[in-house]
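# Structural characterization, general
Listed below are the residues making up each chain.
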Amino acid sequence: MSDTSAEAAPRALAAGFGRLIVLVYVVFAVSAGVRAVFQVVTKFGDAPVSFTLSAIAALIYLVAAIAIIRGAGALALLAVGVEMAGVLAVGALSFAVPGWFPEPSVWSHFGSGYGYVPLVLPAVGLVYLFKRRKA
C-alpha cells in the first residue's frame, strides 16, 4: 500500500521559486531593519518620515517572508500588496515632494538605492502568489 498523501498535497508556497522569494524577503527584512533601527536611534530627527517608512518596509518584508514560509497565502498576498502600494506611493512622493525625504527610505525613488529590487520584488511576489493560488 503506497502513501499518496504527499502526492495529493499541494506544494508549499515556500517550495521551488518560493524559496528564492523568501530568501530575498529575509535579506531585505534584515538589511532594511538594521539600517532603520540604526537611523532611528542615531538621527531620527533628520528624516523621521524616511526612517519610519524604512522600518515599516522591513516589517512588511518580514511578514511576507513568514507568511510564505507558513503557507499563509492570504496574509502573504496582503503583505506583498501593501508593499507594492507602499513602494509605488513613496516612490512617486519622493519625486513629487522631495522635501519630505531629506534622507532616502528603502522605497524612495522606487527603491533606486537598492537597485530597484524593492519595486521588482513585490511585482514578482504578486505574480508568484497569484499563480500559486490558481494552481
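Before going further, it helps to spend a moment on the environment of Ser112. Considering the arrangement of structural elements, one finds Ser112 in the loop between α4 (73-96) and α5 (117-134). As a C-alpha pair, Ser112 and Thr52 span 60 residues in sequence and 18 Å in three-dimensional space.

Owing to its 3.6 residues per turn, the α-helix brings residues three or four apart onto one side. Between its first and last C-alpha atoms helix α2 (residues 17-43) spans 38 Å; for 27 residues at 1.5 Å apiece the expected length is 39 Å, and the two agree. Residues Gly18, Ile21, Val22, Tyr25, Phe28, Ala29, Ala32, Gly33, Ala36 and Gln39 constitute the buried set of α2. Those residues of α2 hidden inside the fold are in contact with α3 (48-70), α4 and α5.

Here we take up the nonpolar core. In this structure, Tyr25, Tyr61, Ile68, Val80, Val106, Trp107 and Leu129 are the most contacted members of the largest nonpolar core, which totals 32 residues. Here this core takes 9 residues from α3, the largest share from any one element. Contacts of Tyr25, omitting those with residues within four sequence positions, involve Tyr61, Ala64, Ala65, Ile68, Val80, Glu83, Leu121 and Pro122.

Where α3 meets α4, the closest approach of the two axes is 8 Å, and the angle between their N-to-C directions is 155°. Taken together, the axis directions place α3 and α4 in an arrangement best described as roughly antiparallel. Two packed elements cross with a definite hand, and for α3 against α4 that hand is left-handed. Here α3 contributes Leu53, Ile60, Tyr61, Val63, Ala64, Ala67 and Ile68 to the contact with α4, which in turn contributes Leu75, Ala76, Ala79, Val80, Val82, Glu83 and Val90. For the contact of α3 with α4, the class distribution of residues is 13 nonpolar, no polar and 1 charged.

Rules of the game
Residues numbered from 1 in each chain as written. Predicted model: local features only at pLDDT ≥ 70, side-chain atom pairs only at ≥ 80, totals over all residues. Heavy atoms only, no water. Helix = DSSP H or I, 4+ residues; strand = E, 2+ residues; numbered from the N terminus. Expected span 1.5 Å × (residues − 1). Buried < 20%, exposed > 50% of the residue type's maximum accessible area, 1.4 Å probe, protein only. Contact = heavy atoms within 4.5 Å. Core = buried A, V, L, I, M, F, W, Y, C linked by side-chain atoms within 4.5 Å. Axes fitted to C-alpha atoms, helices over the stretch in contact; angles between N-to-C directions. Parallel < 35°, antiparallel > 145°, perpendicular 65-115°, else oblique. Left-handed = near helix turned anticlockwise from the far one by under 90°. Nonpolar A, V, L, I, M, F, W, Y, C, P; charged D, E, K, R; others polar.

Purely geometric numbers; function is a separate question.
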